[in-house]
Amino acid sequence: MASTTHHRTHVLRLACALLMCTVAAGALAGCGSDTPKKKTASSPSATASSTPSSDPDQAAKDKVLAAYTNMREIQIKMAADGDLHTEELAKYARGDAATDLKKSVLRNESMGIKFTGRPEMKPQVTAVNTEGKTATVTDCFDATSWKPVYKDSGKKLKLAEQRLKYPVTSQATLEGDTWFVMKVTADRTKGC
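The sections below set out a description of the structure shown in this document. None of these values were measured; they are calculated from a predicted model. (Residues numbered from 1 in each chain as written. Predicted model: local features only at pLDDT ≥ 70, side-chain atom pairs only at ≥ 80, totals over all residues. Heavy atoms only, no water.)

### A short note on the overall build of the chain
Okay, step 1: Check the secondary structure of the chain and you find four helices and six strands.
Okay, step 2: Along the chain, helices and strands appear, N-terminal first, in the series α-α-α-α-β-β-β-β-β-β.
Okay, step 3: Per element, the accessible surface of the chain, about 9,700 Å² overall, is 50% carbon and sulfur. (Helix = DSSP H or I, 4+ residues; strand = E, 2+ residues; numbered from the N terminus. Areas by Shrake-Rupley, 256 points an atom, 1.4 Å probe, with all protein chains shown as cover.)

Put into structure tokens, the structure is as follows:
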């Protein structure tokens, strides 16, 4: 259980990083740091349960959550060092999710901006359809401790007034036996 909680924390942090990158880039900023830890549950841990399998989709949910968490960790790293980490990112994200992350990093790099600290995240897989090869991850992204700064001076970037803790919904797709995050949508009109 502790491993799953640790893994979810990493996922949440990545989600926050992506959202903050998008927000910061739009208001003058971008994305952030940390090495992804690829942990996939090889088998769900058995608990003393009266039902043989409480959730037949748990293995798929674990893989979706791992893809999301790892994408967010790469996003944090990208935002901190300004590198695209294209090969690493391609293992977990494709489509709009990967494109948006790269654009945000390039925008920040062109403005001399990087991110320090880490966002907090609380992702969970809220839907999975193994036959349809789709899944949904919802997250509460908190960028309060993830700050854009100017690379040269380390001076904090002044951003327009905006919500720093908000819900994010991500769509994932199964290709072969690998889940990829395809789209990330933040809703800054409400908190979480």
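### Topic: the pattern of salt bridges
Okay, step 1: Taken as a whole and judged by the stated rule, the model has seven salt bridges.
Okay, step 2: A salt bridge links K77 to E88; the nearest nitrogen and oxygen atoms lie 2.8 Å apart. One end of the pair, K77, is in helix 2 (residues 58-81); the other, E88, is in helix 3 (residues 86-89), with eleven residues separating them in the sequence.
Okay, step 3: The exposure class of E88 is partly exposed, given its relative accessible area of 24%.
Okay, step 4: D96 is the partner of K183 in a salt bridge, and the nearest nitrogen-oxygen pair spans 3.8 Å. Of this pair, K183 sits in strand 6 (residues 178-186) while D96 sits in helix 4 (residues 95-110), and the two are 87 residues apart along the sequence.
Okay, step 5: Look at D96 and you get partly exposed, because its relative accessible area is 41%. (Salt bridge = Lys/Arg side-chain N within 4 Å of Asp/Glu carboxyl O. Buried < 20%, exposed > 50% of the residue type's maximum accessible area, 1.4 Å probe, protein only.)

### Quick word on helix 2
Okay, step 1: End to end, helix 2 covers 35 Å across 24 residues, agreeing with the expected 34 Å (1.5 Å per residue, within 8%).
Okay, step 2: Along helix 2, 18 of the 24 residues are buried, which leaves the element largely enclosed by surrounding structure.
Okay, step 3: Directly beyond the C-terminal end of helix 2, a positive phi value near 80 degrees is found at G82. (Expected span 1.5 Å × (residues − 1).)

### Some thoughts on the pairing of strand 2 (residues 124-129)
Okay, step 1: In terms of strand pairing, strand 2 meets strand 3 (residues 134-142) through five bridges, oriented antiparallel. Bridging across to strand 3, V125 finds its partner in V137. (Pairing = 2+ DSSP bridges.)

### Re unusual backbone geometry
Okay, step 1: Even without a glycine there, the phi angle at H85 is positive, about 50 degrees.
Okay, step 2: Along the chain, H85 turns up in the loop between helix 2 and helix 3.
Okay, step 3: At K133, a position not held by glycine, the phi torsion is positive, near 60 degrees.
Okay, step 4: Note that K133 resides in the loop between strand 2 and strand 3.

### A few points about the packing of aromatic side chains
Okay, step 1: Counted by the stated rule, this structure contains three aromatic pairs.
Okay, step 2: Pairing F141 with W146 gives two aromatic rings, centres 6.3 Å apart and planes at 75 degrees, and the pair type is edge-to-face.
Okay, step 3: Take W146: its relative accessible area is 0%, and that puts it in the buried class.
Okay, step 4: Ring centres of F141 and Y166 lie 5.7 Å apart, and the angle between their planes is 40 degrees; this geometry places the pair in the tilted category. One end of the pair, F141, is in strand 3; the other, Y166, is in strand 5 (residues 165-175), with 25 residues separating them in the sequence. (Phe/Tyr/Trp six-rings, centres within 6.5 Å; stacked < 30°, edge-to-face > 60°.)

### Structural notes on the sheet that holds strand 3
Okay, step 1: What the four strands build is an open sheet, ordered 2-3-5-6; its pairing is antiparallel. In this open sheet, the two edge strands, each paired with only one partner strand, are strand 2 and strand 6. The sheet shows a mean angle of 25 degrees between the axes of neighbouring strands, taken without regard to direction.
Okay, step 2: In terms of strand pairing, strand 5 meets strand 6 through eight bridges, oriented antiparallel. Looking at the pairing, L174 lines up with W179 of strand 6.
Okay, step 3: Contacts from helix 2 reach strand 2, strand 3, strand 5 and strand 6, with the element oriented near 60 degrees to strand 6. (Axes fitted to C-alpha atoms, helices over the stretch in contact; angles between N-to-C directions. Contact = heavy atoms within 4.5 Å.)

Fair warning: the whole summary comes from geometry, so function is off the table for now.
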